[in-house]
Amino acid sequence: MPPLLEIQDLKLEFGTGSEALRALDGVSLVLEEGQTLCLVGESGCGKSVTALSIAQLLPTPPARYVGGRILVNGHNVLEMDKGSLRRIRGGTVGYIFQEPGASLNPVYRVGEQLIEPLRLHRPAAATEKEMVELLKLVGIPEPELRLRDYPHQLSGGMQQRVMIAMALAAQPKLLIADEPTTALDVTIQAQILELLRDLKHRLGMSILLITHNLGIVGDIADRVAVMYAGQVVEEAPADQLLRRPMHPYTRALMRSVPELGREMGRLEAIAGTVPAVGAFPSGCRFHPRCPVVQPDCSQKAPALIEAEPACHVRCPHWK
Amino acid sequence: MWTYLFQRLLHMIPILIGVSLLTFLLMSLTPGDYYSKLENNPQITKEKLTQLRAKAHLDRPWYVRYGYWMKDALRGDLGYSLEYKIPVSELIVMRLWNTFVLALAALLIAWLVALPLGIWAAVRKDSWVDRGCAMIAFLGLSIPEILLGLMALLFAYASGWFPVSGVESNRYIGVEDWDAARVLNRLHHLTLPALVLAASSLAGIMRQMRSNLLDTLRADYVTAARARGLSEGWVVGKHALRNAINPLLTIFGYSLAGLLSGAFIIENIFSWPGLGRLTLEALTSQDYRLVVATVVMATGLLMVGNFIADLLLAWSDPRIRLRE
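Residues numbered from 1 in each chain as written. Chains lettered and ligands numbered in written order. Predicted model: local features only at pLDDT ≥ 70, side-chain atom pairs only at ≥ 80, totals over all residues.

(A) Main features of the sheet that holds strand β9 (residues 223–228) of chain A. All names here are of chain A. Pairing is mixed across the open sheet formed by eight strands, whose spatial order is β6-β7-β8-β3-β9-β10-β12-β11. On the outer flanks of this sheet lie β6 (93–96) and β11 (305–308), each paired with one strand and no other. The sheet shows a mean angle of 25° between the axes of neighbouring strands, taken without regard to direction. (Pairing = 2+ DSSP bridges. Helix = DSSP H or I, 4+ residues; strand = E, 2+ residues; numbered from the N terminus. Axes fitted to C-alpha atoms, helices over the stretch in contact; angles between N-to-C directions.)

(B) Here's a closer look at the nonpolar core. Within the largest apolar cluster, 89 residues are counted, with the highest numbers of intra-cluster contacts made by Leu39, Tyr95, Ala165, Ile176, Leu208 and Val224 of chain A. Looking at this core element by element, the count peaks at seven residues for helix α7 (residues 156–168) of chain A. Among residues more than four places away in sequence, those in contact with Leu39 of chain A are Lys47, Thr50, Ala51, Leu208, Ile210, Ala225 and Met227 of chain A. In terms of nonpolar packing, the next biggest core, distinct from the first, is built from 39 residues, Leu102, Ala121, Leu202 and Phe270 of chain B among them. (Core = buried A, V, L, I, M, F, W, Y, C linked by C-beta atoms within 7 Å. Buried ≥ 20, exposed ≤ 12 C-beta atoms within 10 Å, placed from the backbone. Contact = placed C-beta atoms within 7 Å.)

(C) Structural context of the interface of chain A and chain B. With 23 residues of chain A at the contact, the number on the chain B side is 19 residues. Put simply, the parts of the chain that give the side of chain A that touches chain B at least two residues each are α2 (82–88), α3 (100–103) and α4 (110–121) of chain A. Among the elements that take part in the side of chain A that touches chain B, α4 of chain A stands out by supplying four residues, more than any other. Residues that form the side of chain A that touches chain B fall into these classes: twelve nonpolar, six polar and five charged. (Nonpolar A, V, L, I, M, F, W, Y, C, P; charged D, E, K, R; others polar.)

(D) How the structure looks around the domain arrangement of chain B. Residue and element names in this part refer to chain B. The domains assigned to chain B are domain 1 (31–77) and domain 2 (88–316). Each of domain 1 and domain 2 has a C-alpha centre, and these two points are 38 Å apart. For the side of domain 1 that touches domain 2, the class distribution of residues is two nonpolar, one polar and one charged. (Domains from an automatic or database assignment.)

(E) Focus on the environment of Tyr108 of chain A. When you line up the elements, Tyr108 of chain A lands in the loop between α3 and α4. With 42 residues separating them along the chain, Tyr108 of chain A and Tyr150 of chain A place their C-alpha atoms 6.3 Å apart.

What follows is the structure, encoded as structure tokens:
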């Protein structure tokens, strides 16, 4: 039985010819059924592009897939016709996005939008009763009334719950959450994450959670993949990665996470900035910012190696 | 809501007063008056001229003249036209129908062509369709209406396919009866002026439609709609287009004003007896009561059009409608 999601050596470019910018350079990920995978990295590292690629949501052009495969239940979405792709979108794979306010169409009532995935993927369940059930499932009070609200009448947290309800409507096997809490304030963030964790257990689905905040990873993830400059630099079980990060970039990320109840001075920031797509350094892409850089790091591009069982790292000096 | 509507209508009154006042002032600043052209006529005595001017209040300062005009206007009497010797209101009503037919035809052509082309160009961005539309828009925006009108006139004359002036053939002058042949004759006369008038607004509407739709096609809720598995037709038709029309509603409101105020240039080129031509004639002959009436009416229509646009916008966008 193939894994629910398997990305193999995915290479993606924006633009064509000499102006082509490689945003993803050999990304490989595996997500088993019922598991949660966290994709972590700074802005611009390619994590959102990876997430959007799974249901082919990037406009092509300008995006162009130049290599690799994306297998959902063993079928390559890069080679799918429109019909099969639309069954994947919303059917097998549900999405929630960063800005719930912008992801809901402002001119339609909540109910008018929530009914869409039901009509498409579960026509028999396209009823008001089912919509109410969905809103209840994501913890929205007075769901009957909320169905008649316009998105702007709801708070940010409620809007994100509506988005989650919409993503769950077709009972997807995989929920892709692209920074679902970034635009929300901290208490709401915690509620939404709690809701996701709870839904995962109740519905037995897999979650691909994209975040730039390592702090939330420990609460929810089974496995973690850390991305930097269009590549996966470390991939390991969550507890192991949090206990003993191997890649210098992961270590630096962890030092920049504030922790409650621990007395500390200034938070550490990673020196330098994320290299722009198309201007990646030679050799190891992290070497200009790496605190433990070695002379050969700028020469040879390191491969992703299995450092320990089920733990992969893209750094020969991980020990 | 109702108080707001009432307030909006109330706000129109001072604007109309201001516009009429300004028109009187500007008319008084132009050299001469309606009767100046009679000064060299040996059959008209000086006394007669003085008498005529006194009757039209042209011997008094402009603000006194305005006062006389306002007093009558408040009772609904816009006075007699100096040129046509009939009430201004009657004159306007006579011309209104011609202007309305021409403007409505042009409006329909412009919107019915521009909207689909704009949508098509946006959905097929950078294709030959898009390039072709950009070319049409470029021509439409850069060729002056007057030149296009004259070219159409030349075409009508050279080909002999279209009449060059008027709303109908001379044989219908004084005829009261209507039959199918007369309607066709009118449509035949209408074709060229309506097309030329439509061409000038078509380009702008088309480009606006295209850029609005391109904006909304990039919106997050469009990506989210695709992520739910909706077909591209649904995504564009239901989610993107509905949000892209809002700025066009404002343009539509403004264009409603043109329905009843006339098109100066086109009506003159095609000798179309509409309000635009009437206004221009009134201006050149300094028939001040007619000028003020047409200017005030055009202003009023522009404001009503704007008001309708706001109502449409509120109807279309719940964020505006439900604002406290």
